[in-house]
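Chain by chain, the residues:
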Amino acid sequence: MSTTHELSGITESEDELRAILAEAEIPPLLPALAYATGDLSLLRDDLRPDPLTFSLPQGGLTQEQQTSARELALRALVRFRDAGCRTAACPEGDALRHIMEFAVGGSDMKPYLPLLEEEMSHRHEDRRAPQWHKNDVAPTTPFHVLVIGAGMSGILAAHRLKQAGVDFTVVDKNADVGGTWFENIYPGCRVDNPNHNYSFSFAQRHDWPFFYSTQDVLLQYFRECADEFGVRDGIRFETEVRSATWSDEDQRWSVVVANREGREETLEANAIISAVGQLNRPHLPQIEGRDSFAGPAFHSASWDPMVDLRSKRVAVIGTGASAMQLIPEIAPLVSQLDVYQRTPAWMGPTPEYHARVPEAHQWLYGHLPSYSEWNRFCIFWRMGDGALDGVRVDDAWKSDGASVSATNDMVRQFLTEYIKAEFVDQPDLRDVVIPNYPVGAKRLIRDNGAWATTLKRRNVDLLTGGIDRITETGVVTRDGEEHPADVIIYGTGFHASKFLTPMKVTGRGGLDLHEHWDGDARAYLGVSVPGFPNLFCLYGPNTNIVINGSIIYFSECGVRYVLGCVEHLLRNGAKALDVKKDVHDRFNEAVDTENRRMAWGASDVNSWYKNDTGRVSQNWPFTLLEYWERTRHPKPDDYELL
Ligand code: NAP
C-alpha cells in the first residue's frame, strides 16, 4: 500500500456506477461531487443531513433522501466521466464553507473553517508543514534535536524537523518504528477510531482494508510513513534513554542512552522532544501471590506468541479495551476461559468494527476526487467537538451517579438498551455487564456483538466477585473458590500517569522532574514544563481524548507548536526557552476546573485518566478547536528566553 493518493480514470458503465453508488456513504458523496465539479447545485436543501441525527448511519437521511441523493450523484458522476474526469478549480472561502455546512448539516462552521481545511488536506496539500527553513533563519547556528520514541508522534516530529532543515536523532527502545503498534501484538489488536481519521492528515491513503485496521496494517502504515518521509536513517533502534540532564552552563541536554546489551553512551542535544506515549509501561496488578503462579503469565502488551493457548485453561484479568479485543479472539481456542471483570465497560454498537471496506467504497476512494477527504471530514466532525456536550456535567442535573446531564442520560439509556438486547437470553450476565457510572467516565469500547457472543460461550465464565489471590495453579476469588488456570493474561492497562518514566530527567538547577511532579504530572499545553528548558512533550499530560477526535490530531498540533518554539529560538538567537511558571499554573487550573465538569472527572469510577492523587492528568477537557488554536503558534510572552 502506498500513502500517495493517485486517482484512476472512470471507465465504468452507467449500470456499474449505479451499483457502486448503491453502497456509497451518502454524507461525503454529494459534497465530493460538488467539490470536484464545482457544481454547488448538487447540494440540494432537501438532501441535507440534520445536524441532530448526523451521527446516525448515513447521516440520519431517510431512505427516500438516500435514493434521491444516489440518483443525483449518478447523473453528476456520469457527466464527470463523460467530460474526461476533469476537476474544477478548488472551491475556497464561502463556497467551501457552503459545502462543509451541507456535508454535516451544520449552520455556522466559520470558526472551524481554517482548521477543517487543514485537516482535510484537499488536493493533498500539507498545510501543517513548517513554513520556515533553518537555512533561512539561522544557517550557522548548530542545533540538534533528540526525539525519544519512533512511534506515531516520533515519526511525525522527525518528518517536520527534516522539513525545517533541523538536525535530529530519534532513539527508540524497540527494533522498529510504530510504538504501540509495534509492541501490541495480542490477537484482535486493532484501532478503535476509523482509519480515515486515525492517520496523518497529510499522508492519507484510500485503500485501508478495514474501517478499523488491525495492528499489522497500522504497523505497516507507520513503517511506510517512516520510509516515505525519509527519516529512517535518523533513527537509532534498540536504544533506550536512561537519563537526560540539562546543563545550565552549556544550555543543552546530555542524554544517557543504553543499547540492547546495556552499553551506555552520552548524546548531546540542544532540545529534546519526548514522543514516548502514555500507554507503553504495562501495569501489573498488586494481587497477592501474583509471582507464585507456575504457568506462563504475561501482559496484553507483552504478548508471548510462543505460548500455545489451544486447549488450555486461561484466565484473563481486566475488561478494558485491550482485554475486550483479545478475549473474543482466544475464546474459541482455549478449553476454558475465565474473565475477571472489576468494572464493566460501556459499549458502543459498531456493526462495521471488524468489517472489510467494501469494494464499492474502495472504488469511490480510488476514482471520485476528494470522496476520501470528504469521508474523513464527516468522520472528523461526527467524532469531534459535538460529542463533548454529551459528557459535560450539568450542575442542575439530579442523578444517582449514573449520568451527568440529560443528554448523557439519553446516551446511557441508548447504550443500556443495546447491552440488554445483546444479553436478552442471559439475564444473569446482562445484570453484571451494564455499567453503573456515566458514559464517558471511562473509555467507550466499540462492539459488533462479539462481546456478548463470547461471554455466552459454554467455555467462558465471567467472574465479577473480585480476586482474593493468585496461587501456583490458578486464581482464588473472594468467595474462596479456586479457579484453576494454565495461563494468566493481564489486560490490566498501563502506568499512564507516570509520564516519562522510567527516565531520570534533571532540569535547571538540578531539579528532578519526577520529584517535581511528585506523581502529579502537569505541563503547559501538554508540552512544556517550567524548569525544563527545551524539553517538549508530545501526548504529554492532559492531551488525551476520551470520546472526541484522534490522538494523531493532537500530535500534529503538538508537533507544529514544538517546531514553532524551535523557530522562535533560532530567530531570536537564543539557546533555550523555558515556559513561565505563572502561565503554566494558570493553564493547569483552567484544565482542572474543566476536567471536573466532565464525566471522567466528576465520576469516582476507576480509570487510567486519573493519577494516584485523583487528579485527571491525562485528558484534554476543551474542544479540538481550542487545542488547534492554542498550538498554532507559540506565544512569545509565555516563555522566558535563556
Ligand atoms: P485499561 O483500560 O486501563 O483496562 C485495564 C483493565 O484491567 C480494567 O478492566 C481494570 O479494571 C482492570 N484491572 C486493573 N487492575 C486490576 C486489578 N488489580 N484487579 C482486577 N482488575 C484490574 O487498559 P487497556 O485495556 O490496556 O486500555 C488502555 C487504553 O489503551 C484504552 O483506554 C485505549 O485508550 C487504549 N487502547 C486502545 C485500543 C484500540 O484503539 N482499539 C485497544 C487497546 C487499548 P477497572 O476498570 O476496574 O479499573
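The structure displayed is predicted, hence computed values, not measured ones.

Quick notes on the rules
- Per chain, residue numbering runs from 1 following the sequence as it is written.
- Reporting of local features is limited, given that this is a predicted model, to residues whose pLDDT is at least 70; pairs of side-chain atoms are given and counted only at 80 or more, and all residues count toward the totals for whole chains, interfaces and linings.
- The side-chain quantities take in all heavy atoms of the structure and omit both hydrogens and water.
- Helix and strand definitions follow DSSP, with helices as H or I runs of at least four residues and strands as E runs of at least two, each counted in order from the N terminus.
- The globule rule used here is 2.2 Å times the number of residues to the 0.38 power, and the radius of gyration it is set against is calculated over C-alpha atoms.
- Here the term buried applies to any residue with accessible area under 20% of the maximum for its type, exposed to any over 50%, and partly exposed to those in between, with areas from a 1.4 Å probe on protein chains only.
- Contacts are assigned to residue pairs with any non-hydrogen atoms lying within 4.5 Å of each other.
- Working convention for charge: Lys and Arg count positive, Asp and Glu count negative, and His plus the chain ends are omitted.
- Think of each charge as sitting on NZ of Lys, CZ of Arg, CG of Asp or CD of Glu.
- Note on definitions. A residue lies near a molecule or strand when any single heavy atom of the residue is within 4 Å of it.
- Each polar contact in these results corresponds to two N or O atoms within 3.5 Å; when the atoms are within protein, one needs to be able to donate a hydrogen and the other to accept it, and residues that are neighboring in sequence are counted only if both atoms are side-chain atoms.
- Only the protein chains shown count as cover for residues, and all accessible areas are computed by the Shrake-Rupley method using a 1.4 Å probe.
- For this classification, Asp, Glu, Lys and Arg are treated as charged, while Ala, Val, Leu, Ile, Met, Phe, Trp, Tyr, Cys and Pro are nonpolar and the rest, including Gly, are polar.
- Segment limits for the domains were obtained from an automatic or database-derived domain assignment.
- We call two strands paired when DSSP finds no fewer than two bridges between them.
- Seen with its strands pointing away from the viewer, a crossover is right-handed if its path from the first strand over the helix to the second goes clockwise.
- We call a pair of cysteine sulfur atoms a disulfide when they lie within 2.5 Å.
- In these notes, a set of buried Ala, Val, Leu, Ile, Met, Phe, Trp, Tyr and Cys residues joined through side-chain atoms within 4.5 Å is what counts as a nonpolar core.
- For helices, the fitted axis covers only the stretch in contact; all axes are lines through C-alpha atoms, and the angles between them, taken along N-to-C directions, range from 0 to 180 degrees.
- Any angle that falls under 35 degrees is termed roughly parallel, while one over 145 is termed roughly antiparallel, one within 65 to 115 roughly perpendicular, and all others oblique.
- Should the near helix be turned anticlockwise from the far one by less than a right angle, the crossing is left-handed, and should it be turned clockwise, the crossing is right-handed.

Some points on the overall build of the chain
Point 1. Looking only at helices and strands, the chain features 20 helices and 21 strands.
Point 2. For a compact globule of 642 residues, the expected C-alpha radius of gyration is about 26 Å, and the chain comes in at 25 Å, within 12% of that figure.
Point 3. Along the three orthogonal principal directions, the C-alpha set of the chain runs to about 70 × 70 × 50 Å.
Point 4. Relative to its 642 residues, the chain shows a buried fraction of 58%.
Point 5. In the chain, once contacts between residues fewer than 6 apart in sequence are set aside, the share between residues at least 24 apart is 73%.
Point 6. Computing the positive centroid from 65 side-chain charges and the negative centroid from 91, the chain places the two 1 Å apart.

Some words on the side chain of Lys610
Point 1. Summarising the element assignment, Lys610 is placed in the loop between α19 (599-602) and α20 (624-631).
Point 2. Not counting residues up to four positions away in its chain, the partners in contact with Lys610 are Ser497, Trp600, Ser603, Asp604, Val605, Arg615, Val616 and Ser617.

Some points on the site of the ligand
Point 1. The local shell around the ligand holds 24 residues, among which Arg190, Ser322, Gln325, Thr343 and Lys442 are the closest.
Point 2. Here Ala321 contributes a backbone N or O atom positioned 2.9 Å from an oxygen atom of the ligand.
Point 3. Asn606 has a polar side-chain atom sitting 2.9 Å from an oxygen atom of the ligand.
Point 4. Its free accessible area being 900 Å², the ligand has 85% of it covered by the protein chains.
Point 5. The residue inventory of the shell around the ligand, partitioned by class, reads eight nonpolar, eleven polar and five charged.
Point 6. Mapped onto the domain boundaries, the shell around the ligand takes at least three residues apiece from domain 2 (136-281 + 496-641) and domain 3 (290-352 + 398-490).

Some points on the pairing of strand β9 (residues 313-317)
Point 1. β9 sits mainly inside the fold: four of its five residues count as buried.
Point 2. As defined by bridge partners, β9 adjoins strand β10 (residues 336-340) across five bridges and the pair is classed as parallel. Paired with Ile317 across the strands is Tyr340, a residue of β10.
Point 3. Taking the sense of rotation as the criterion, the β-α-β connection linking β9, helix α10 (residues 321-330) and β10 turns out right-handed.
Point 4. Pairing geometry for β9 and strand β17 (residues 487-490), over four bridges, is parallel. By the bridge assignment, Ala315 is partnered in β17 with Ile488.

A closer look at the state of the cysteines
Point 1. Scanning the model with the defined rule gives zero disulfides in all.
Point 2. Free cysteine Cys225: the closest other cysteine sulfur is in Cys557, separated by 17 Å.
Point 3. Overall, the relative accessible area of 0% leaves Cys225 in the buried class.

What about α10?
Point 1. Taking burial as the measure, the ten residues of α10 include eight buried ones, the bulk of the element.
Point 2. Buried residues of α10: Ser322, Ala323, Met324, Gln325, Leu326, Ile327, Pro328 and Ile330, and no others.
Point 3. For α10, the elements touching its buried residues are β9, β10, β11 (347-349), β12 (445-447), α15 (450-455) and β17.

Section: the nonpolar core
Soluble globular proteins: nonpolar side chains tend toward being buried together.
Point 1. Of all hydrophobic cores here, the largest spans 159 residues; its most connected members are Leu29, Phe200, Leu337, Trp374, Phe377 and Ile489.
Point 2. In contact with Leu29, other than residues within four places in its own chain, are Leu21, Ala24, Ala73, Leu364, Leu368 and Tyr371.
Point 3. Core analysis: the second largest hydrophobic core is formed by 25 residues, Ala269, Phe499, Leu500 and Trp517 among them.

As for the packing of helix α4 (residues 93-104) against helix α12 (residues 371-382)
In helix packing, the relevant descriptors are the interaxial angle and the interaxial distance, both defined with respect to the helix axes.
Point 1. Where α4 contacts α12, the axes come no closer than 10 Å and their chain directions differ by 60°. With respect to α12, the element α4 is oriented oblique. In terms of crossing hand, the pair formed by α4 and α12 is right-handed. Listed contacts from α12 to Leu96, Ile99, Met100, Ala103 and Val104 of α4 are Trp374, Phe377, Cys378 and Trp381.
Point 2. Classifying every residue of the contact of α4 with α12 by side-chain character gives nine nonpolar, no polar and no charged.

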